[in-house]
Amino acid sequence: MAAAVKSKPRRVSYAVMTSSLASQESTGNWTFTEALISAFRGDPFIDDDHDGKVTFAELESNAEDDMLFGEEQMATFAFTGNFSPDTRIADSIAGSSPRIGERVEAYSIDGWYKGYITDAKADKFKVHYYGYEYDEDEWVTAKMIRSPKTVQYAVGQKVEVEWKKKWYPATVLQVKGGTHYITYTDYGSEWDEWVPSSRIRKVK
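Here the structure is a predicted model, which is why all the values come from computation and not from measurement.

Criteria and cut-off values
Residues numbered from 1 in each chain as written. Predicted model: local features only at pLDDT ≥ 70, side-chain atom pairs only at ≥ 80, totals over all residues. Heavy atoms only, no water. Helix = DSSP H or I, 4+ residues; strand = E, 2+ residues; numbered from the N terminus. Salt bridge = Lys/Arg side-chain N within 4 Å of Asp/Glu carboxyl O. Buried < 20%, exposed > 50% of the residue type's maximum accessible area, 1.4 Å probe, protein only. Pairing = 2+ DSSP bridges. Axes fitted to C-alpha atoms, helices over the stretch in contact; angles between N-to-C directions. Core = buried A, V, L, I, M, F, W, Y, C linked by side-chain atoms within 4.5 Å. 1 Å grid on protein atoms, 1.4 Å probe; cavity = no way out; pocket = protein on both sides within 12 Å on 5 of 7 lines; lining within 4 Å. Points joined across faces, edges and corners; volume = space filled by probe spheres on them.

## Looking at the environment of Val12
Link 1 in the chain: Following the sequence through the fold, Val12 ends up in the loop between α1 (2–5) and β1 (15–18).
Link 2 in the chain: The spatial distance from the C-alpha of Val12 to the C-alpha of Glu136 is 41 Å, given a sequence separation of 124 residues.

## Here's the deal with the pattern of salt bridges
Link 1 in the chain: Summed over all chains, the structure comprises eight salt bridges.
Link 2 in the chain: For Glu160, the salt bridge goes to Arg201, with nearest N and O atoms at 2.6 Å. Taken as a pair, Glu160 in strand β10 (residues 158–163) and Arg201 in strand β14 (residues 200–202) lie far apart in primary sequence, 41 residues in all.
Link 3 in the chain: For Glu160, a relative accessible area of 17% gives the class buried.
Link 4 in the chain: Using a relative accessible area of 25% as the deciding quantity, one classes Arg201 as partly exposed.
Link 5 in the chain: Across the pair Glu193 and Arg199 runs a salt bridge, and its minimum N-O distance is 3.0 Å. When sorted by exposure, Glu193 lands in the same class as Arg199, which is buried.

## Concerning the sheet that holds strand β12 (residues 179–184)
Link 1 in the chain: As summarised here, the arrangement of the five strands in space is β13-β12-β11-β10-β14, forming an open sheet in which the pairing is antiparallel. One side of each edge strand has no neighbouring strand; the edge strands of this open sheet are β13 (193–196) and β14. Going from strand to strand, the sheet's axes swing by 50 degrees on average, the running direction of each strand aside.
Link 2 in the chain: Of the pairings in the sheet, the one linking strand β11 (residues 166–176) to β12 comprises six bridges and is antiparallel in character. Across the sheet, the residue bridging to Lys176 is Thr179, located in β12.

## What about the nonpolar core?
Link 1 in the chain: Formed by 19 residues in total, the largest nonpolar core has its most connected members in Phe32, Ala39, Val54, Leu59, Phe77 and Ile89.
Link 2 in the chain: With five residues, the single largest contributor to this core is helix α3 (residues 56–71).

## Side note on empty space enclosed by the protein
Where empty space is left can be seen by rolling a probe of water-molecule size over the atoms.
Link 1 in the chain: Scanning the model with the defined rule gives one cavity of 30 Å³ or more in all.
Link 2 in the chain: Considering only enclosed or pocket space, the largest cavity measures out at about 30 Å³ in volume.
Link 3 in the chain: Forming the walls of the largest cavity are Thr31, Glu34, Ala35, Ser38, Asp66, Tyr116 and Tyr130.
Link 4 in the chain: In terms of residues, the lining of the largest cavity owes the most to one element, helix α2 (residues 31–41), which gives four residues.

Everything listed here is a matter of coordinates, which is why it stays silent on function.
In structure tokens:
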């Protein structure tokens, strides 16, 4: 959709926001939708330059980072005609802690889950988990959160990539967070795609 609006001039200027590329399927979570809501609500961590306003450009930056971290997907945006990415969409809310919005992994019950800090008090942090309802947010101690551990393969590395339950030899061309742009061996560039680390394995 984002590519289509760039293909020819249009009378009306507008913005297009998509949660993934055409080659990807939705994860079924609400990560992208929640990123949009946070921006239009004016959550403090969206306001990157701390000027008191949230713009479409800041919405784009946050949503892309959320999708890369939470879902290992590439969100895409396009702005047509005179539509400015610096268009103001909300006034930002004052934050109570500079750590609000920080993407972390938090330990809950049986393992580590990806999320971000929504509130902080003394040495405790409230974490919202990607793919879970807000009423499942938890207060955790500093010892229960850690920096994200991202699986990354090197550019140029030979790997195997899963596609429709079969594994194919491929080469990594680009890396962003935990998602990788790969090219399949003996297939044309039209098959090149961004894939999450869960679909990649080392060559056996």
